[in-house]
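Coordinates in review
Next come the chains, spelled out residue by residue.
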Amino acid sequence: MPLEIDLDVPTRHLLRADDGTALARLRLHDDDGERVAAEVSPLPGVDVGTVAAQARRDLAGARLETPHDELAHALVAGGLTLRRAATDMRHDLAVVPEPVALPTGWSLAPAGWDDDLAEGLPAAYGPTHPDGPWQPDDTAQIQAMFDRGDPVPPLLAASARVVGPDGRSAGHVLCAGPVPWTEDTCAWILNLAVAPAAQGRGLGRALLGHALRGSRAAGLPRLGLSVGCGNPARRMYDDAGFRPVSRVLTVPLPPAGHADEVTRSPVD
Ligand SMILES: CC(C)(COP(=O)(O)OP(=O)(O)OC[C@H]1O[C@@H](n2cnc3c(N)ncnc32)[C@H](O)[C@@H]1OP(=O)(O)O)[C@@H](O)C(=O)NCCC(=O)NCCS
């Protein structure tokens, strides 16, 4: 049974069982060529195992994102991997922090990518980071944003590097907006990081304040971000006035051929 537009909520699709029973609502979109089934929410009273099995068939190859713990558990129990558990947050930009004085010799500078960031950011996202270690692909994606505006250009008013007394970049905040992956119109923090040697002196908070002021100055109605569960940065976002809007549990669904292999019994 193909997915179909939900006539009650036209931005949503319905996942249906083969007999036509509606099982779950979801929002389909594309993230840099990857098909995303977002906000997958089983309908009341529906068996979650049935939703998991149907999703594996009808959404094979997509990245499934759900706020629903039980659905994620059912998929993991079926042999799939929870790639990330995170919280989506929003700030309505009504009250944004005033600029703070940085430690002597430190300053904010226009956003950009350089060798210092290419060295410092992988160190900030070490092997035990809740979002997993920095990958070469992360560097490539940021370079593509600056070089080609791919998949979205940086929102320069809300992005910045922080530069030390030695003139070298020690961290950055990288924003875009409005971004195509949210239903609401918002600017988005794609990355906020400070190299370990420079952490703990207020630079992260200063970069976050810049992102808030810059998003408002650019005319965006809110600023969003996703923070991995267990990341101590969450405290900084709570303190700055971000509110949680949803949990996002990400489980990549294997492509069709692979799904058959996983579920095939050894005697077949
Ligand atoms: C998050 C990060 C940018 C903060 O940078 P920073 O310059 O150390 O931040 P500040 O000195 O301004 O501190 C801001 C707050 O961050 C929070 N915080 C962030 N990471 C923390 C950690 N590892 N340990 C303790 N507190 C942390 C604290 O609430 C701190 O405030 P407090 O000292 O008043 O309690 C930095 O820790 C980092 O690069 N982390 C790795 C990348 C990352 O996870 N980025 C966020 C992705 S959503």
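None of the values given here were measured: they were computed from a predicted structure. (Residues numbered from 1 in each chain as written. Predicted model: local features only at pLDDT ≥ 70, side-chain atom pairs only at ≥ 80, totals over all residues. Heavy atoms only, no water.)

Looking at the packing of helix α5 (residues 203-217) against helix α6 (residues 233-240)
A pair of packed helices is characterised by two quantities: the angle between their axes and the separation of those axes. Convention followed: Only the stretch in contact is used when a helix axis is fitted, and all axes are lines through C-alpha atoms; the angle between N-to-C directions ranges over 0 to 180 degrees. Labels follow the DSSP assignment, with helices taken as runs of H or I lasting at least four residues and strands as runs of E lasting at least two, numbered in each case from the N terminus. Angle categories are assigned with fixed cut-offs, so that under 35 degrees is roughly parallel, over 145 is roughly antiparallel, 65 to 115 is roughly perpendicular, and the rest are oblique. For any pair of crossing helices, the crossing counts as left-handed if the nearer helix is rotated counterclockwise from the farther one by less than a right angle, and right-handed if it is rotated clockwise. We call two residues in contact whenever any of their non-hydrogen atoms come within 4.5 Å of each other.
Running from N to C, α5 and α6 cross one another at 45°; their axes reach a closest spacing of 11 Å. In terms of orientation, α5 and α6 fall into the oblique class. By crossing handedness, the relation of α5 to α6 is classed as right-handed. In this structure, α5 uses Gly-204, Arg-205, Leu-208 and Leu-212 to contact α6, whose residues at the interface are Met-236, Tyr-237, Asp-239 and Ala-240.

Observations concerning the packing of aromatic side chains
Applied cut-off: Two rings from Phe, Tyr or Trp (for Trp, the six-membered ring) form a pair when their centres are within 6.5 Å of each other. A pair whose planes differ by under 30 degrees is stacked, one over 60 is edge-to-face, and the rest are tilted. For every residue, the accessible area obtained with a 1.4 Å probe (protein chains only) is divided by the maximum for its type, and the residue is called buried under 20%, exposed over 50%, and partly exposed between those limits.
Under the counting rule described, the total for this entry stands at 4 aromatic pairs. Ring plane angle 10° and centroid distance 6.4 Å describe the contact between Trp-113 and Trp-134, whose orientation is recorded as stacked. You can see Trp-113 sitting in the loop between β7 (107-109) and α3 (115-124) and its partner Trp-134 sitting in the loop between α3 and α4 (136-148), a full 21 residues away along the chain. A relative accessible area of 13% places Trp-134 in the buried class. Centroid distance Tyr-125 to Trp-134: 5.4 Å. Interplanar angle 45°. Geometry classified as tilted. A network of ring pairs unites the aromatic residues Trp-113, Tyr-125 and Trp-134 as a single cluster.

Things to note about the nonpolar core
To keep things clear, this is the line we draw: Nonpolar core, defined: a set of buried Ala, Val, Leu, Ile, Met, Phe, Trp, Tyr and Cys residues in which side-chain atoms within 4.5 Å join the residues together.
Core analysis: the biggest nonpolar cluster contains 29 residues, and Ile-189, Leu-192, Leu-208, Leu-223, Tyr-237 and Phe-242 have the highest contact counts within it. Mapped by element, the contributors of at least two residues to this core are β8 (160-163), β9 (169-176), β10 (187-194), α5, β11 (223-228) and α6.

Brief notes about the domain arrangement of the protein
The criterion, for reference: Reported domain spans reflect what an automatic or database domain assignment gives. Here the quantity called buried area is the accessible surface, traced with a 1.4 Å probe, that two parts lose on coming together, added over both. A pair is scored as a salt bridge if a Lys or Arg side-chain nitrogen falls within 4 Å of a carboxyl oxygen belonging to Asp or Glu. N or O atoms within 3.5 Å of each other form a polar contact, as long as, within protein, one can give a hydrogen and the other can take it, and as long as residues adjacent in sequence are counted only when both atoms are side-chain atoms. Each residue is assigned to one of three groups, with Ala, Val, Leu, Ile, Met, Phe, Trp, Tyr, Cys and Pro labelled nonpolar, Asp, Glu, Lys and Arg labelled charged, and all others, Gly among them, labelled polar.
With domains assigned, the protein is organised as domain 1 (4-80 + 253-263) and domain 2 (90-246). Computed from C-alpha atoms alone, the centre-to-centre distance between domain 1 and domain 2 is 31 Å. Buried area between domain 1 and domain 2, summed over both chains or domains, comes out near 470 Å², and the portion from carbon and sulfur atoms is 43%. In terms of surface lost to domain 2, no three residues of domain 1 exceed Arg-27, His-29 and Asp-32, which account for 68% of the buried area on that side. The tally of links from domain 1 across to domain 2 stands at 1 salt bridge. A salt bridge links Arg-12 to Glu-183; the nearest nitrogen and oxygen atoms lie 2.4 Å apart. Linking domain 1 to domain 2 there are 2 residue pairs in polar contact (both at pLDDT 80 or more). Residue classes in the side of domain 1 that touches domain 2 are distributed as no nonpolar, 2 polar and 4 charged.

Let's talk about the environment of Asp-6
Looking at the element boundaries, Asp-6 is found in the loop between β1 (4-5) and β2 (13-16). Separated by 19 residues in sequence, Asp-6 and Arg-25 place their C-alpha atoms 7.7 Å apart. Apart from the residues lying within four places of it in its own chain, the contact partners of Asp-6 are Arg-12, His-13, Leu-14 and Arg-25.

Things to note about the site of the ligand
Threshold: Residues are labelled near a given molecule or strand when at least one of their non-hydrogen atoms is within 4 Å of it. For every accessible area listed, the method is Shrake-Rupley and the probe measures 1.4 Å; residues are considered covered only by the protein chains on display.
In the vicinity of the ligand, 21 residues are found, and the nearest of them are His-129, Leu-192, Val-194, Gly-202 and Arg-205. Within the backbone of Arg-201, a nitrogen or oxygen atom sits 3.3 Å from an oxygen atom of the ligand. Gly-202 places a polar main-chain atom, nitrogen or oxygen, 2.8 Å from an oxygen atom of the ligand. The protein chains hide 74% of the 890 Å² of surface that the ligand would expose on its own. Of all the secondary-structure elements, those providing two or more residues to the shell around the ligand are β10, α5, β11 and α6.

Let's talk about the pattern of salt bridges
Taken as a whole, this structure holds 16 salt bridges when the rule is applied. Of the charged contacts in the structure, one is a salt bridge between Arg-83 and Glu-34, with a shortest N-O distance of 3.8 Å. Of this pair, Arg-83 sits in the loop between α2 (69-77) and β6 (84-91) while Glu-34 is found in strand β4 (residues 34-42), placing the two residues 49 residues apart along the sequence. The exposure class of Arg-83 is partly exposed, given its relative accessible area of 49%. Residue classification places Glu-34 among the partly exposed residues on the basis of a relative accessible area of 27%.

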